[in-house]
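Given next are the chains, with one letter for each unit.
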There are 2 protein chains.
Amino acid sequence: MRALLYKDAKLTFLADHPIPARKSGEALVRVTLAGICNTDIEIAKGYMEFEGVLGHEFVGVVEEADTAELIGKRVVGEINCACGACETCANGLSRHCPHRTVLGIHGRDGAFADYLALPQANLHAVPDDLADEEAVFVEPLAAAFEILEQVSVSSSDRVAVLGDGKLGLLAAQVVAGAGCDPLLLGKHVSKLRIVYERGGRTAFLKCNTKQDLDIVVDCTGAAAGFNLACDLARPRGTVVLKSTVAGDAQLNLAQVVIDELTIVGSRCGPFRPALEALRKKEVAVKPLITAQYPFAEALEAFERAAVPGTLKILLDMT
Amino acid sequence: MRALLYKDAKLTFLADHPIPARKSGEALVRVTLAGICNTDIEIAKGYMEFEGVLGHEFVGVVEEADTAELIGKRVVGEINCACGACETCANGLSRHCPHRTVLGIHGRDGAFADYLALPQANLHAVPDDLADEEAVFVEPLAAAFEILEQVSVSSSDRVAVLGDGKLGLLAAQVVAGAGCDPLLLGKHVSKLRIVYERGGRTAFLKCNTKQDLDIVVDCTGAAAGFNLACDLARPRGTVVLKSTVAGDAQLNLAQVVIDELTIVGSRCGPFRPALEALRKKEVAVKPLITAQYPFAEALEAFERAAVPGTLKILLDMT
């Protein structure tokens, strides 16, 4: 099959990569559409020390499975594959299972290929009224919904989302859905407009002084975003950290202590509310698509995705 | 009066510093015993950009006050002096008042002097059965009690305290008082022994691997402590950050995001439970005293306090 492989510190497009072996309990999925995430770009710089087929945002059709009724279903899939047997799994934190593999990130070949294998339990059927171009956003949208799993957001909270990249645009919409009226801070008119045109508050991100915000969600993907988020939060406020930045960064934690801030790291989230929000058209995702490339042009697509300012790049696998 | 002044990037012992002016609502306190804190040492390196009389841990006797019955009382004092009028104060966060002065730290001369001035509302009478050598620990002990104000600690929680310095030794005892059985991790036999001899669990701090702890309290006072604390915590675990480290440090926040850790900055705390714990002998503080110097030898005392491994250095002001 075709696959985009990261190995020996370089990306290669292969025409003859072996189809992944489907273990018992797993399904073999034919990928139809995939999305390039910032994490993919970080991995291609050495983050996570992963080698293999990249990609974890996808829509596909089940071709093989233990459960016959799954076959032929259009699905999206949760990316963390837990052991199901350890203490962490028993405590309901299977997304944090220490023995987990993660699709296209850790120990498991990913979605930038004609086929991928995932445990059946990870799959969610895509409703007929959702286009592939919407459903491919379920995974990053679920990551935005994780904010609401971890932090209580009420209508009286003063909230800001930092960063008008893909995750920031999704997070601003998700947090608004919780009843507050978040301010999206970014640098790009064309991106801020996506939220502004849907009635959201937006502003240009600059070196703001203390803003006394109750909750600041850092989606900048940059180390500097963390320091700014801490500046914007009120004493005893909460900073939700969605940015995964590879490597060490120069950070000042004195403010965290002086202002007694709470920092909440936030990663993958629940698929169900993300699918539901897409069905109800509560979150706009199509305006986030910058371009769609045929899979044969995956290397060009990857280069394009890495250009600052680019939003979502999709790979058409059909 | 005598005073230890930090100005123009140097410490000076003065014999003829003016006695602080007592404003309406404030008391003038004759200091009898004071303690040198790591924060004082950081300030003398430029932290907080403070210039003035250092010191914020003290016991003293009220000499002048608006309220006549305060005069002659032996007192300790909360160090944050709030405006009482702003939104932060109205929300019950007066220790975080943006207009505050802080004794010997920000905008207000401190306790390393014959006299200090503090709002009457900041003072707490010292019970007769507490010696000055115990009462002088109320301020740092209150900072340890702040942990319990911010984080729910239950008997089933797996907890570690990192660092066997002054704050770590207090924090380990306070957290143990909440019913859990914390592990104190440090580098010094003589210090660990203080907690060990009172029935606490102790171990040498090394580059431990993942320990799956529910709560890790970082009292190392070093940037490296933060990274270690994150390593020791379980996924979705909590790291309480008590260390104030001046300046930027090389930190890796990827783990905070991947493990969805919660980081809680923690600073000054409530005096009442600290005084109560000292009265009930629930926390041992006298073993933390390394040496007591006459105030005239304050500069030598300060040098001694800065030697790695030193615990509490007291200044006898009588």
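Residues numbered from 1 in each chain as written. Chains lettered and ligands numbered in written order. Predicted model: local features only at pLDDT ≥ 70, side-chain atom pairs only at ≥ 80, totals over all residues. Heavy atoms only, no water.

This part is about the nonpolar core. Residues and elements named next belong to chain B. If you look at the biggest cluster of nonpolar residues, it comprises 47 residues, and the most contacted ones within it are Ile36, Phe58, Val62, Phe112, Leu116 and Leu315. Ranked by residues supplied to this core, first place goes to strand β3 (residues 26-36) with six residues. Among all residues touching Leu315, those that are not within four sequence positions of it are Thr32, Leu33, Ala34, Ile36, Phe112, Tyr293, Phe295, Ala298 and Ala301. (Core = buried A, V, L, I, M, F, W, Y, C linked by side-chain atoms within 4.5 Å. Buried < 20%, exposed > 50% of the residue type's maximum accessible area, 1.4 Å probe, protein only. Helix = DSSP H or I, 4+ residues; strand = E, 2+ residues; numbered from the N terminus. Contact = heavy atoms within 4.5 Å.)

Moving on: the interface of chain A and chain B. Taken together, the contact pairs 40 residues of chain A with 40 residues of chain B. Summed over both sides, the interface between chain A and chain B buries roughly 3,400 Å², with carbon and sulfur atoms accounting for 53% of that surface. Counting every contact that joins chain A to chain B gives four salt bridges. Notably, a salt bridge pairs Arg158 of chain B with Glu87 of chain A, separated by 3.5 Å at the nearest N-O pair. Of all the elements in the fold, those that place two or more residues in the side of chain A that touches chain B are α4 (138-150), β16 (233-241), β17 (249-251), α8 (254-258) and β18 (262-265) of chain A. The residue inventory of the side of chain A that touches chain B, partitioned by class, reads 18 nonpolar, ten polar and twelve charged. Bridging between β18 of chain A and strand β18 (residues 262-265) of chain B involves three bridges; their strand directions are antiparallel. If you follow Val264 of chain A over to β18 of chain B, its bridge partner there is Thr262 of chain B. (Buried area = accessible area lost by both parts, 1.4 Å probe. Salt bridge = Lys/Arg side-chain N within 4 Å of Asp/Glu carboxyl O. Nonpolar A, V, L, I, M, F, W, Y, C, P; charged D, E, K, R; others polar. Pairing = 2+ DSSP bridges.)

What follows covers the packing of α4 of chain A against helix α9 (residues 271-279) of chain A. All names here are of chain A. Following both chains from N to C, one finds α4 and α9 inclined at 110°, their axes separated by 8 Å at the closest point. On the basis of their axis angle, the class for α4 and α9 is roughly perpendicular. Between α4 and α9 lies a crossing of right-handed hand. Together, Val138, Glu139, Leu141, Ala142 and Phe145 of α4 and Phe271, Pro273, Ala274, Leu275, Ala277 and Leu278 of α9 make up the contact between the two elements. Of the residues assigned to the contact of α4 with α9, the class counts are ten nonpolar, no polar and one charged. (Axes fitted to C-alpha atoms, helices over the stretch in contact; angles between N-to-C directions. Parallel < 35°, antiparallel > 145°, perpendicular 65-115°, else oblique. Left-handed = near helix turned anticlockwise from the far one by under 90°.)

Attention now moves to the domain arrangement of chain A. In many analyses, interface size is given as the accessible surface area lost on bringing the parts together. All names here are of chain A. The domain boundaries assigned to chain A delineate domain 1 (3-137 + 285-316) and domain 2 (142-265). Distance from the C-alpha centre of domain 1 to the C-alpha centre of domain 2: 27 Å. Taken together, the 13 residues of domain 1 in the interface contact eleven residues of domain 2. In this assembly, domain 1 packs against domain 2 so that about 1,100 Å² is buried in total across both faces, 61% of it on carbon and sulfur atoms. Of all residues in domain 1, Tyr47, Leu288 and Leu311 give up the largest surface area on contact with domain 2, accounting jointly for 43% of the area buried on that side. Linking domain 1 with domain 2 are one salt bridge, by the criterion used here. Of the charged contacts, one joins Arg95 and Glu146 as a salt bridge, the two residues approaching to 2.9 Å between their closest N and O atoms. Put simply, domain 1 and domain 2 have three residue pairs in polar contact (both at pLDDT 80 or more) between them. Grouping the amino acids of the side of domain 1 that touches domain 2 by side-chain chemistry returns six nonpolar, four polar and three charged. (Domains from an automatic or database assignment. Polar contact = N/O pair within 3.5 Å; in protein donor to acceptor, adjacent residues only side chain to side chain.)

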